[in-house]
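Structure assessment
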Amino acid sequence: MELAVIDLSPYLESGSELKELCGEVSRSLRETGALLVKDPRCTAQDNDRFLDMMENYFASSSDFKRLHERPQLHYQVGVTPEGVEVPRSLVDEEMQEKLKQMPKQVQPSTPKGPDCKWRYMWRVGPRPSKTRFQELNAEPVVPEGFPEWKETMDSWGYKMISAIEAVAEMAAIGFGLPKDAFTSLMQRGPHLLAPTGSDLQRYGQEGTVFAGYHYDLNFLTIHGRSRFPGLNIWLRNGQKVEVKVPVGCLLIQTGKQIEWLTGGDCIAGMHEVVVTDRTTDAIKLAREQNRILWRVSSTLFGHIASDAVLKPLGHFADSPLASKYPPIYAGEFVEQELSVINLKGNKGQL
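Description of the structure in this document. Note that this is a predicted model, so its numbers are computed, not measured. (Residues numbered from 1 in each chain as written. Predicted model: local features only at pLDDT ≥ 70, side-chain atom pairs only at ≥ 80, totals over all residues. Heavy atoms only, no water.)

1. Let's talk about the nonpolar core
Core analysis: the biggest nonpolar cluster contains 71 residues, and Met54, Tyr120 and Phe182 have the highest contact counts within it. Core analysis: the next-biggest nonpolar cluster, separate from the first, contains 23 residues, Phe228, Leu235, Val245 and Leu293 among them. (Core = buried A, V, L, I, M, F, W, Y, C linked by side-chain atoms within 4.5 Å. Buried < 20%, exposed > 50% of the residue type's maximum accessible area, 1.4 Å probe, protein only.)

Listed below in structure tokens is the structure:
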């Protein structure tokens, strides 16, 4: 099954609701948990400029990168070294039971331990002046020696948030909710541009797991195109798909917060990043072209504001599953989720 590719241009240009196109967006998020979008504001050149800088950063020494580590802030800003993030599938017993019941051919790869990827967390957009969840809204960390860092991160981050906001509006319309049902809750949210870096020189063997099977805890996740394949996603019908993001497109996936707001009508999309035969082909080509052998994902987590309440919205409050999604502050929900995957509570233990 091919993921839908939605060109956002008609919606951005028309100023009207375009119910049919919006219906396609909401249907794709509901049925597959993912969709591909084309946004004229997010160009392939923007993506490449960002990837070039992040490849140079991740290729720096470990000692240099660790200067930007903030375990006391649950790694929500700065760098997260490899060996810190624990895949949900390693610690969630309910998830492990579900995995055993999946047909062998669609089961995810089994990680041996914490993820062997680095990640950089860069906050994008304004934060609240007062919040119960200060550490989720901390100041960003800027590495020395990268004069273009802030401008590059902010530029790409704001463009990807704009794409998420357009999709969130279109999804709301498609779900029969007010156009701003989601975007009003996103204002001053702890949005994070969170590229990962995986060392293909050290970990480029087929079958290596960079990010174990998991869902994202935020509202919607958006990815620019990576230079090395390896992202597998699971559709709602259980089908496993190796994602191929066309040049100039962005991948959007559902997170746990949209599942909460729709009372389970949308389900958080499961995914993993693994070295496949297509990855090893790309590594071989990169070696021939003398390029940096780090796989960078251009990932942004779009969040609901920390002090907003997560609960099923509008007609979703009458859904038979609504009781599974009791009201909770988004920040409290995020903290609970982080504690499970080792980014809160085990501060500094690698």
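There is more to say, and it comes next.
2. Thoughts on unusual backbone geometry
Glycine aside, residues mostly have negative phi angles, and peptide bonds mostly take the trans form. The backbone of Arg188 sits at a positive phi, close to 60°, despite the residue not being glycine. By secondary structure assignment, the location of Arg188 is in the loop between α8 (183-186) and β5 (192-193). The backbone phi angle of Asn290 is positive, close to 60°, even though this residue is not glycine. The topology assignment puts Asn290 in the loop between α11 (277-288) and β13 (294-302). (Helix = DSSP H or I, 4+ residues; strand = E, 2+ residues; numbered from the N terminus.)

3. Here we look at the pattern of salt bridges
Scanning all chains against the criterion turns up 19 salt bridges. A salt bridge links Arg227 to Asp52, with the nearest nitrogen and oxygen atoms 2.9 Å apart. Highlighted residues: Arg227 in the loop between β8 (220-224) and β9 (231-234) and Asp52 in helix α3 (residues 44-58), separated in sequence by 175 residues. Overall, the relative accessible area of 37% leaves Asp52 in the partly exposed class. The salt bridge involving Asp307 is made with Arg132; its shortest N-O contact spans 2.8 Å. (Salt bridge = Lys/Arg side-chain N within 4 Å of Asp/Glu carboxyl O.)

4. Some words on the pairing of strand β11 (residues 250-254)
In the case of a regular strand, side chains alternate between the two sheet surfaces. Counting buried positions along β11 yields 5 of 5 residues, so the element is predominantly enclosed. Of the two faces of β11, both are covered, the one formed by Leu250, Ile252 and Thr254 as well as the one formed by Leu251 and Gln253. In the sheet, strand β2 (residues 34-38) pairs with β11 via 4 bridges, with the strands oriented antiparallel. In the sheet register, Leu36 faces β11, and the bridge partner there is Leu251. (Pairing = 2+ DSSP bridges.)

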